[in-house]
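# Reading the structure
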Amino acid sequence: MTMPRALPVPHTMGRQDWALLLVLAVLWGGAFFFAGVALRGLPPFTLVTLRVGLAALILNGVLRALHVRLPRTAAAWRACLGMGLLNNVVPFCLIVWGQTHIASGLAAILNAATPLLTVLVAHALTDDEKLTSGRLAGVLLGLAGVAVMIGPDALGGLGADVLAQLAVLAAALSYAFAGVWGRRFKRLGIVPLAAASGQVTASSLILLPIALLVDRPWTLAPPAWPVWGAVIGIAVLSTALGYVIYFRILASAGATNLLLVTFLMPVTAVLLGVLVLGEHLAARHFLGMALIGAGLAAIDGRLAARCRALRAA
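Here the residue numbering is sequential within each chain, running from 1 through the sequence in written order. It should be noted that, the model being predicted, local features are given only for residues of pLDDT at least 70 and side-chain atom pairs only at 80 or more, the latter also being counted only at that level, while totals for whole chains, interfaces and linings use all residues. With hydrogens and water stripped out, all remaining heavy atoms of the structure feed into the side-chain values.

Moving on, we get to the overall build of the protein. Check the secondary structure of the protein and you find 14 helices and zero strands. What counts as a helix is a DSSP run of H or I of at least four residues, what counts as a strand is a run of E of at least two, and both are numbered from the N terminus. The secondary structure elements of the protein, listed N-terminal to C-terminal, are α-α-α-α-α-α-α-α-α-α-α-α-α-α. Out of the 313 residues belonging to the protein, those deemed buried represent 50%. It only takes one pair of heavy atoms within 4.5 Å for two residues to be counted as in contact. Taking contacts inside the protein between residues at least 6 apart in sequence as the whole, the part at least 24 apart equals 90%. Accessible surface, the protein: about 14700 Å² in total, of which carbon and sulfur atoms supply 71%. The buried label goes to any residue with under 20% of its type's maximum accessible area, the exposed label to any with over 50%, and the partly exposed label to all in between, with areas taken from a 1.4 Å probe on protein chains only. Residue exposure ignores everything except the shown protein chains as possible cover, and the areas themselves are Shrake-Rupley values with a 1.4 Å probe.

Here we take up helix α2 (residues 44–65). Taking 1.5 Å per residue as the helical rise, α2 with its 22 residues ought to reach 32 Å, and the 32 Å between its terminal C-alpha atoms agrees with that figure. By the burial criterion, the buried members of α2 are Phe45, Thr46, Leu47, Val48, Thr49, Arg51, Val52, Gly53, Ala55, Ala56, Leu59 and Leu63. Residues of α2 that are buried in the fold lie against α1 (15–38), α3 (74–98), α9 (192–214) and α10 (225–253). Once α2 finishes, His67 follows within two positions and takes phi at roughly 60°, a positive value. Residue count minus one, scaled by 1.5 Å, sets the expected span of a helix.

Close inspection of predicted coordinates is inappropriate in any region flagged by low pLDDT. Looking at the protein as a whole, the pLDDT averages 81, with 87% of positions reaching at least 70. Every residue carries a pLDDT, the predictor's confidence in it, which falls somewhere between 0 and 100. Confidence drops under pLDDT 50 across residues 1–10; counting only partners more than four residues distant or on other chains, this segment forms 27 contacts.

With that settled, consider a nonpolar patch on the surface. Residues enter patches when they are more than 30% accessible in relative terms and free of salt bridges; like-charged ones are connected within 9 Å and nonpolar ones (Val, Leu, Ile, Met, Phe, Trp, Tyr) within 5 Å. Definition used for salt bridges: Asp or Glu carboxyl oxygen within 4 Å of a side-chain nitrogen of Lys or Arg. Taken together, the side chains of Ile58, Val62, Leu66, Val68, Val191, Ile232, Val236, Leu237 and Leu241 define a hydrophobic patch exposed on the protein surface, amounting to about 660 Å² of accessible area. Looking at the nonpolar patch, the elements that each hand over two or more residues are α2 and α10. In this structure, Leu241 sits in helix α10. When its relative accessible area of 39% is taken as the criterion, Leu241 is described as partly exposed.

Here is the structure:
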């Protein structure tokens, strides 16, 4: 896969980028809750198709209201189709299949390999997101933090159902390639809103025949209202709004920084459980958050730079 030369991206993120990353972590962390409710009344591929299809309708409506057109060049639509495949179709299908065979905790740990894989993919395919010792150390610390937060029990199935585990890892690799592939939207002058709309539109066109062939949704009983509420939540918040923020961060901070959201999602899930469901934090949660925080600081690089400056002074 040939990646375009793009404008250099910063190795550190500004306050606005970090704020947007936290919002994205909440939105995508909430997707697990919405999906858990929606899957009680809908099969997986139908849910995924509804998720991207409704998001496409919403974002195309917003574009029309703002008098912004979807890109119509061949290069722009190749970018949208590639992004739809790498960021939606391939990983969604692999994760759905993988989670039918392995526990969700183990799947979350395997999915947290996304930033590590992104660092390696970006190093190989870009000129301005090269691997550094700080980035590698930060990613490994973050991955360790995710594993600690989820707990050792999640590793109990490691080694069994190898194909399912490989499927989730392949999904993480697909996300890594998507982060690097999506850099071309900035080079093509496509704004984040249009990029998000183009991606979910392309994903909908690809996923619709899969859902029709596999799930045969016309044979299903009508879902209950809570299921529809969850579908709307995952489409509007986790997908439509989430991908606008995704492309905004990608354009300003790069693929490696963007996919740090994978580390933050378990943190937001735990904190939401405490705030909304009254759950209690265990010691491993605090330790995991500390490891993730240390990893993010190492990848960001500014703290290490300040320490070097103080030693040199």
